[in-house]
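# A look at the structure
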Amino acid sequence: MELYLDSANLKEIEEGFKLGFLNGLTTTPTFMQREGITNIDDMIVKLAGIVPVLQIEALGDTAEDVVKEAHRQLNLGLDPKRTVFKIPVSLEGVRACRMLRNDGLLVNVHLVYTLQQAYMAMHAGATYVCPLVGRLQDQGHDALALVDQCVKAVNHYGYDTKIMFSSVRTTEHVRNAINLGVHTITVPLKILKSLTDNHFTAIGTEQFLSDTRLMTVHVKDAISKVNPTVSESVNLKDAIVKMTDFGFGCITVTNADGSLKGVFTDGDLRRLLQSDGEHILSKKLGDLEYKTPISIDGNALLNDAAQLFKKVSVDTILVTENGAPSGMIDIQDLKND
């Protein structure tokens with residue numbers, strides 16, 4: 001099934017065709033007017049240089065007028081093999097279709113609302129026949145039944161015509177088009193961009209990325225650049241200020257030579273205040289007793305850190321390199337940036 005973009009917005013068109021697999025672009029004078037375009041010919045030439053196939057309007061009161069307009073547009077420098085002329089269905093329109101097809105040009109007979117209209121276009125040799133699904137449904141008609149009838153008519157009678165599913169309003173319309181076996185669909189960029197979206201796909205992808213990160217990223221590359229270390233000579237009151245500045249719930253306490261003395265946490269602070277009172281705030285960090293801190297080497301993988309977090313049930317772990325403190329890893333650091 002061919003996939004077309006339906007737009008006259010240059011930014012949308014450039015974004016859509018970066019995908020690299022769209023078959024072409026359909027546009028209308030109404031789209032162009034909404035975009036504030038005043039020179040249709042310049043816009044047509046510009047679009048023709050961007051897209052593989054361009055489907056544009058050829059209008060006129062008579063078949064001869066339509067044919068004349070189509071050839072005028074071709075003379076702007078358009079490639080007849082990459083240009084499809086859209087003609088609203090009418091008696092003059094299908095006559096113009098036949099005349100253009102006799103000239104070897106491509107034609108889309110559109111604004112089709114009935115099977116009879118579609119049949120006349122097919123029999124006139126239309127390259128594309130284009131029922132407007134969204135508009136028909138707005139009027140309370142069974143548009144999908146019409147599209148199905150058009151597809152069956154092409155298949156039954158062997159017409160060399162492609163049914164184009166247009167006036168797409170929802171992603172469900174795209175599913176409908178696939179199920180009905182249409183040959184072509186033209187879709188607004190907003191709908192096109194949502195066709196690959198799925199909540200469970202997003203969850204699964206995030207899980208794969210997260211697990212891959214755990215197995216490939218080292219702890220030292222995932223931690224904050226802040227190394228929350230404080231000398232043992234600092235008193236507890238100043239240490240609390242430092243802890244707040246660092247943005248961690250703990251700080252690393254170092255000896256005078258820079259070696260590790262221990263880790264002081266906000267939990268340690270609460271326990272000291274409860275047991276010893278506020279006078280403890282004047283005490284130096286070096287006067288406190290420390291347990292051997294839970295730590296991990298910076299060259300370890302995040303997967304090792306994840307296992308350690310599960311084992312010790314804490315939110316922050318000391319990171320060391322060559323035995324010296326180099327930072328802290330928070331449990332949130334295990335997640336993707």
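Refer to the structure above for everything that follows.
Notes on the structure follow. (Residues numbered from 1 in each chain as written. Predicted model: local features only at pLDDT ≥ 70, side-chain atom pairs only at ≥ 80, totals over all residues. Heavy atoms only, no water.)

### As for the packing of helix α4 (residues 63–74) against helix α5 (residues 91–102)
- Axis separation between α4 and α5 bottoms out at 8 Å; the angle between their running directions is 45 degrees. The angle between the axes of α4 and α5 places the two elements in the oblique class. Crossing of α4 against α5: the hand is right-handed. Of the residues in α5, those in contact with Ala63, Glu64, Val66, Val67, Ala70 and His71 of α4 are Glu92, Arg95, Ala96, Met99 and Leu100.
- Grouping the constituent residues of the contact of α4 with α5 by class yields 7 nonpolar, 1 polar and 3 charged. (Axes fitted to C-alpha atoms, helices over the stretch in contact; angles between N-to-C directions. Helix = DSSP H or I, 4+ residues; strand = E, 2+ residues; numbered from the N terminus. Parallel < 35°, antiparallel > 145°, perpendicular 65-115°, else oblique. Left-handed = near helix turned anticlockwise from the far one by under 90°. Contact = heavy atoms within 4.5 Å. Nonpolar A, V, L, I, M, F, W, Y, C, P; charged D, E, K, R; others polar.)

### Looking at the sheet that holds strand β7 (residues 162–165)
- Spatially, 8 strands are ordered β1-β2-β3-β4-β5-β6-β7-β8 in a closed barrel, and the strand pairing comes out parallel. Neighbour to neighbour, the strand axes of the sheet diverge by 30 degrees on average, direction disregarded.
- Two strands pair when backbone bridges link them, and strand β6 (residues 128–131) and β7 are joined in this way by 2 bridges, in the parallel orientation. Across the sheet, the residue bridging to Val129 is Ile163, located in β7.
- Running at roughly 155 degrees to strand β4 (residues 83–88), α4 makes contact with β3 (54–57) and β4 of the sheet.
- On top of the sheet, α5 reaches β4 and β5 (106–112); it is set at about 160 degrees to β4, its chief contact. (Pairing = 2+ DSSP bridges.)

### Re unusual backbone geometry
- With phi around 55 degrees, Leu111 is a residue other than glycine that occupies positive phi space.
- Structurally, Leu111 is set in strand β5.
- Overall, Leu111 belongs to the partly exposed group, its relative accessible area being 29%.
- The phi dihedral of Ser167 is positive, around 55 degrees, even though this residue is not glycine.
- Along the chain, Ser167 falls in the loop between β7 and α9 (171–180). (Buried < 20%, exposed > 50% of the residue type's maximum accessible area, 1.4 Å probe, protein only.)

### Topic: the nonpolar core
- Residues Leu100, Met122, Ile163 and Phe165 are the most contacted members of the largest nonpolar core, which totals 61 residues.
- Ignoring sequence-local partners within four residues, the contact set of Ile163 consists of Met122, Val129, Pro131, Val147, Cys150, Val151, Val154, Val182, His183 and Thr184. (Core = buried A, V, L, I, M, F, W, Y, C linked by side-chain atoms within 4.5 Å.)

### Regarding helix α3 (residues 40–48)
- Residues of α3 that are buried: Met43, Ile44, Leu47 and Ala48. End-on view of α3: buried residues confined to an arc of 135 degrees, all on one side of the axis.
- Those residues of α3 that are buried are in contact with α1 (10–17), β2 (24–26), α2 (29–34), β3 and α4.
- Its side-chain oxygen 3.3 Å from the backbone nitrogen of Asp41, Asn39 forms the N-cap of α3. (Arc of directions from axis to C-beta. Polar contact = N/O pair within 3.5 Å; in protein donor to acceptor, adjacent residues only side chain to side chain.)

### Examining the pairing of strand β13 (residues 316–321)
- Pairing geometry for strand β12 (residues 295–297) and β13, over 3 bridges, is parallel. Counted as the bridge partner of Asp297 is Thr320 from β13.
- The parallel pair β12 and β13 is bridged by helix α15 (residues 302–312), and the resulting crossover is right-handed.
- The pairing of β13 with strand β14 (residues 324–330) spans 6 bridges and is antiparallel. Bridge pairing in β14 links Glu321 to Ala324. (Right-handed = clockwise from strand over helix to strand, strands pointing away.)

### Concerning the pattern of salt bridges
- The tally for this structure, following the rule as stated, stands at 13 salt bridges.
- The salt bridge partner of Lys193 is Glu15, with a shortest N-O separation of 3.0 Å. Here the residue Lys193 occupies a position in helix α10 (residues 189–194), and Glu15 occupies one in helix α1, the gap between them amounting to 178 residues.
- By relative accessible area, Lys193 is classed as partly exposed at 47%.
- A relative accessible area of 39% places Glu15 in the partly exposed class.
- Its salt-bridge partner being Asp41, residue Arg72 comes within 2.8 Å of it at the nearest N-O pair. Taken together, the residues span a long stretch of sequence, with Arg72 in helix α4 and Asp41 in helix α3 at a distance of 31 residues.
- We classify Arg72 as partly exposed; its relative accessible area is 34%.
- One network of salt bridges, in which partners are shared, links Asp41, Glu69 and Arg72. (Salt bridge = Lys/Arg side-chain N within 4 Å of Asp/Glu carboxyl O.)

### Digging into the sheet that holds strand β10 (residues 250–254)
- Overall, mixed pairing links the 3 strands, which are arranged β9-β10-β11 in an open sheet. At either end of the open sheet lies a strand with only one pairing partner, and these are β9 (229–231) and β11 (260–265). On average, each strand axis in the sheet is inclined to that of its neighbour by 35 degrees, with strand direction left out of account.
- Pairing analysis gives 3 bridges linking β9 to β10, with the strands arranged parallel. Bridge assignment links Val230 to a residue of β10, and that residue is Val253.

### Observations concerning the pairing of β4
- Most of β4 sits inside the fold, with 5 of its 6 residues counted as buried.
- Inspection of the sheet shows β3 paired to β4 by 4 bridges, in the parallel sense. When the bridges of β4 are listed, Ile56 appears paired with Phe85.
- For the crossover from β3 across α4 to β4, the handedness is right-handed.

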